[in-house]
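This is what each chain is made of:
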Amino acid sequence: MAHIPSVINGVTVEFGAGVVNDVVQSVVDGLAHCIKPSIAPGHPLVKIFVSSAFDSHTMPSRHMQHKAVDVSRINGTKIVIGYPNGGSLKAIVDAIQAAFESFGNKRENFGPHLKKKLGQEHPVDGHDDHIHLSVN
Amino acid sequence: MRRTPCALIVIAAAAVLALGCRNGQPAPAESEAPSLTAALSALTGTYSWRDDLKRYHYSAKPELEALLAARNREDTVAALVECLDNTTQSGSTLDGTPVALGIVCYEALTQLVYHEPTGRDGDVASDWPGRLSPRPSPAEMRAAKEAWKKVVATKSYSFL
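Each chain has its residues counted from 1, running along the sequence as written. As a convention, the first chain written is A and the first ligand written is 1, with the rest following in written order. Totals for whole chains, interfaces and linings use all residues, but because this is a predicted model, local features are given only for residues with pLDDT of at least 70 and pairs of side-chain atoms are given and counted only at 80 or more.

**A word on the overall build of chain B**
For clarity, the cut-off: Runs of E in the DSSP output that reach at least two residues are strands. Runs of H or I that reach at least four are helices, and both are numbered from the N terminus. Whether a residue is buried, exposed or partly exposed is read from the other C-beta atoms within 10 Å of its own C-beta, which are placed from the backbone; 20 or more gives buried, 12 or fewer gives exposed, and intermediate counts give partly exposed. Any residue pair is listed as a contact if its two C-beta atoms, each placed from the backbone, are within 7 Å.
The secondary structure content of chain B amounts to six helices and six strands. Going through the 160 residues of chain B one by one, you find that 41% of them count as buried. Considering only intrachain contacts with a sequence separation of at least 6, the fraction spanning at least 24 residues in chain B is 61%.

Structural data, given as structure tokens:
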């Protein structure tokens, strides 16, 4: 099983207290595809906070299949607090979600900006507070 | 300095919280709920529709964050879930009229944790009774509480 590294493309990755960091390699590859310091030009991405990986969900969730990751903070600020204010946090969240759409093995891409599954619009409640990314 | 009644209530709630701490540790669960709900009831936030977000937005989220940061997280989750069906009027409003205290508790709960319901295919389910709009029916509030109680029982939530 692969692990999400503590640094991705120079961006620091922090983990919540209960996060079990066991994922398939494709999740790591998907993060490497969209977690970059300059993902949103003019708005440096320094740090993300992983709130869930292989934990806090029940089968058959993709999390419990090691195929999903949630990110709930950007540069130390909760998405649920900062996103409605616009600015850098919104720009970065929007850019991460947009970038993940070009990842070949993408499945779900749910967050404040996009709600897509397999590249198609997919209405789903919630996800104003974190980005949920999963792979096939 | 002249203080408003709401400000006095917030100060009183903070004092109750401070007295509830021992040796710098958060108060135990049984004393968490009364002071927390009093503080939440005293908040004077407003809900307004945001076209850009496609949902209602609560104005007092920074104040909520300050309240949540001072407390034991697990005890706070349990107390907030217990409050979800509370129909008592709060100091927060939508369109000029008070929203139920349970809605402010829901706002606090979903600023602290989230739950992702799962469909049979393993993907995130499209809807879930644990979600509430700012003006729900009492039945919807009860259903949300029951849904969240199951989430707490299975520890299937994540801290934001």
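Let us keep going from here.
**Some remarks on the sheet that holds strand β3 (residues 89-94) of chain B**
Residue and element names in this part refer to chain B. Formally: The rule for pairing is simple: two strands pair if DSSP sees at least two bridges between them. With axes taken as lines fitted to C-alpha atoms, and helix axes fitted only over the stretch in contact, angles between N-to-C directions fall between 0 and 180 degrees.
Taking strand neighbours across the sheet as the criterion, the four strands line up as β2-β1-β3-β4 in an open arrangement whose pairing is mixed. The strands lining the two open edges of the sheet, one partner per strand, are β2 (55-58) and β4 (97-100). On average, adjacent strands in this sheet sit at an angle of 40 degrees to one another, irrespective of strand direction.

**Let's talk about the packing of helix α3 (residues 61-69) of chain B against helix α5 (residues 101-112) of chain B**
The description of two helices packed together rests on the angle between their axes and the distance between the axes. All names here are of chain B. Condition: Here the word oblique covers every angle except those under 35 degrees (roughly parallel), over 145 (roughly antiparallel) and from 65 to 115 (roughly perpendicular). Just so you know the grouping, Ala, Val, Leu, Ile, Met, Phe, Trp, Tyr, Cys and Pro go in nonpolar, Asp, Glu, Lys and Arg go in charged, and all remaining residues, Gly too, go in polar.
Relative orientation of the contacting elements α3 and α5 amounts to 70 degrees, with a least axis distance of 10 Å. Compared by their axis directions, α3 and α5 come out roughly perpendicular. Contacts between α3 and α5 involve Lys61, Leu64, Glu65 and Leu68 from the first element and Glu107, Ala108, Gln111 and Leu112 from the second. For the contact of α3 with α5, the per-class residue count stands at four nonpolar, one polar and three charged.

**Brief notes about the pairing of β2(B)**
Residues and elements named next belong to chain B. Here strand β1 (residues 46-50) runs beside β2; their pairing, made up of four bridges, is antiparallel. The residue of β2 that forms the bridge with serine 48 is histidine 57. Connecting β1 to the antiparallel partner β2 that follows it, the hairpin turn spans four residues, and lysine 54 within it adopts a positive phi of roughly 60 degrees.

**Some details on the packing of helix α1 (residues 25-34) of chain A against helix α3 (residues 87-100) of chain A**
All names here are of chain A. Defined as follows: Each crossing is labelled by how the near helix is turned from the far one, with a counterclockwise turn of less than a right angle marking it left-handed and a clockwise turn marking it right-handed.
It is the contact of α1 with α3, at a shortest axis distance of 8 Å, that shows an interaxial angle of 125 degrees. Our classification of the angle between α1 and α3 gives oblique. For the element pair α1 and α3, the recorded crossing hand is right-handed. Residue-level inspection shows Gly30, His33 and Cys34 of α1 in contact with α3, the latter providing Ile96, Ala99 and Phe100. Classifying every residue of the contact of α1 with α3 gives four nonpolar, two polar and no charged.

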